[in-house]
Amino acid sequence: MLTRREIGTPLSAVAPHRDGTADCPSCGLAAFPWAIKDRELVVECANRHRTSVALPDDAPGRVAVDNWLAKRGAQLHAQH
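Each residue is numbered by its place in its chain's sequence as written, counting from 1. Totals for whole chains, interfaces and linings use every residue, but because this is a predicted model, local features are given only for residues with pLDDT of at least 70 and side-chain atom pairs only at 80 or more, for both listing and counting. Where side-chain values are given, they derive from all heavy atoms of the structure, hydrogens and water being excluded.

**A closer look at the sheet that holds strand β4 (residues 50–54)**
Here is the rule we go by: Any two strands with at least two DSSP-identified bridges between them are counted as paired. Per the convention used, a helix needs a DSSP run of H or I reaching at least four residues, while a strand needs a run of E reaching at least two, with both numbered from the N terminus.
As summarised here, the arrangement of the four strands in space is β1-β2-β3-β4, forming an open sheet in which the pairing is antiparallel. Bordering the open sheet on either side are β1 (22–23) and β4, each of which pairs with just one other strand. Where strand β2 (residues 30–37) meets strand β3 (residues 40–45), six bridges bridge the pair, whose relative direction is antiparallel. When the bridges of β3 are listed, isoleucine 36 appears paired with leucine 41.

And the structure:
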């Protein structure tokens, strides 16, 4: 039996995944690291919804977040 989740339903909790991404609480899309602010990770989905999540506690999680932020910075630099 297939189940269907409606887009836009709120998720129970926003927690970062092991790769530094999170699920958007507004639309359910993948949200990627956008910035680090006040010891929290700001993530943004393709629909430009931003939310804050806790920084990963483990070293591999922090490295993944740093990699996402470095890739984003390199992309913005190449665009300008």
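**Things to note about the pairing of β3**
Using the following cut-off: A simple rule labels every residue: compare its accessible area, found with a 1.4 Å probe on the protein chains alone, to the largest value its type can have, and call it buried under 20%, exposed over 50%, or partly exposed in between.
Counting buried positions over the six residues of β3 gives five, a clear majority of the element. Taking the residues between adjacent antiparallel strands as the criterion, β2 and β3 are bridged by two residues, where aspartate 38 takes a positive phi near 50 degrees. Here five bridges tie β3 to β4, and the two strands are oriented antiparallel to one another. Among the inter-strand pairings, valine 43 is bridged to a residue of β4, identified as threonine 51. Here β3 hands over to β4 after four residues, with arginine 48 in that stretch at a positive phi of 65 degrees.

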